[in-house]
Amino acid sequence: LLGTLGLDPIGVRARTGVGPDIASVVPLAQRAATEHPLVRAIVVDGLPMHAAGGADAQELGFTMAAGVAYLRALTDAGLDVATAARLLEFRYAATDEQFPTIAKLRAARRLWARVLDACGAAEAGGQHPHAVSSPTMFTRRDPYVNLLRGTVAGFAAGVGGADAVTVAPFDAALGVATPFSRRVARNTQALLIQEAHLARVVDPAGGGWLVESLTDALARAGWAFFQEFEAAGGAVVALDAGLVAARVETVRTAREKAVATRRTPITGVSEFPDLAEVPVERAPRPAQNGS
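Residues numbered from 1 in each chain as written. Predicted model: local features only at pLDDT ≥ 70, side-chain atom pairs only at ≥ 80, totals over all residues. Heavy atoms only, no water.

## Digging into the overall build of the protein chain
Basically, it comes down to this: Helix numbering and strand numbering both begin at the N terminus, where a helix is a DSSP run of H or I of at least 4 residues and a strand a DSSP run of E of at least 2. Radius of gyration: over C-alpha atoms. The globule rule applied is 2.2 Å multiplied by the number of residues raised to the 0.38 power. The buried label goes to any residue with under 20% of its type's maximum accessible area, the exposed label to any with over 50%, and the partly exposed label to all in between, with areas taken from a 1.4 Å probe on protein chains only. In what follows, residue pairs with any heavy atoms lying within 4.5 Å of each other are defined as contacts. Counted charges follow a simple rule, with Lys and Arg positive, Asp and Glu negative, and His plus the chain ends left uncounted. Note on charges: their place is set at NZ of Lys, CZ of Arg, CG of Asp or CD of Glu.
Tallying secondary structure elements over the protein chain gives eleven helices and five strands in all. Taken over the C-alpha trace, the protein chain has a radius of gyration of 19 Å; the compact-globule value for 291 residues is 19 Å, and the two agree within 12%. Referenced to the eigenvectors of the C-alpha coordinate spread, the extents of the protein chain come out at roughly 60 × 45 × 45 Å. Considering the protein chain as a whole, with its 291 residues, one finds that 44% of them fall into the buried category. Considering only intrachain contacts with a sequence separation of at least 6, the fraction spanning at least 24 residues in the protein chain is 76%. When the 28 basic and 29 acidic side-chain charges of the protein chain are each reduced to a single mean position, those positions are 3 Å apart.

## Brief notes about the packing of aromatic side chains
To keep things clear, this is the line we draw: The criterion for an aromatic pair is that two Phe, Tyr or Trp rings (for Trp, the six-membered ring) have centres within 6.5 Å, with stacked assigned to planes under 30 degrees apart, edge-to-face to planes over 60 apart and tilted to the rest.
Tallied over the full model, the rule gives five aromatic pairs. Judged by centre distance (5.2 Å) and plane angle (35°), the ring pair of Tyr144 and Phe170 falls under tilted. A residue pair is termed long-range when its members are at least 10 positions apart, and Tyr144 in the loop between β4 (129-133) and α7 (146-160) and Phe170 in the loop between β5 (164-166) and α8 (179-194) qualify at 26 residues. A ring pair is formed by Trp223 and Phe226, whose centres lie 4.9 Å apart and whose planes are at 65°; its orientation type is edge-to-face. Separated by three residues within a single helix, Trp223 and Phe226 lie in helix α9 (residues 209-231), roughly one turn from each other. As far as burial versus exposure is concerned, Trp223 and Phe226 are alike and both buried.

What follows is the structure, encoded as structure tokens:
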């Protein structure tokens, strides 16, 4: 078997404010480690931080803290660090900001390698990153522009070194996606792999001054947030104490102001809007319980 089970009580807690204990992942993770060595049981998800308005460095710092929390739970249950690390998939948001996305994924691998080295498990292998197109970059107005946003995000994810990439349908912000939009999203990824050959070059952006400097800056800032969360008692304590929310709120407020004053332009909404646009309608999604 090959795949990811998606266990993530910390992510549930970040999204909803409540969630099961971290130790709840241990039994299934132990079974996966023993019986299905190619299955990753746990997701270390940075998307809740991103979707709440957090900065890339905050997303990196939070995922490092959450990853360490899962390592502690698994090693306390008897697994060695290398086996515990193999059970983790890291999930990051890929946006239409091409170079920051590339740099974030490169910085994430660097930071996790440092964590494993500090744990005495440098030989455990690298991070397994899964890049998902940002749920907050898609617009309801002029949604066909989202086709371009998804393409740029997918490209940046591939160049940044994601092992798995998910491009959402262009109408994801409107409701239930149509078969057409799902097919285009799937084919966007297939084109990038089969025709643009993104998977044939290792670290194609490596060596470029812009990418290297952005990667270094994000790695340093992400590590600082990781240290802050660890000093507070770890990812769960930082969430429950409101530290994570307070740090994110500062960034979100600044971003909302930039969008409202058009310092951050949004194509099809605040820039180049189609004044005669006919709204695109989609069926609403079923209500979710947050788990």
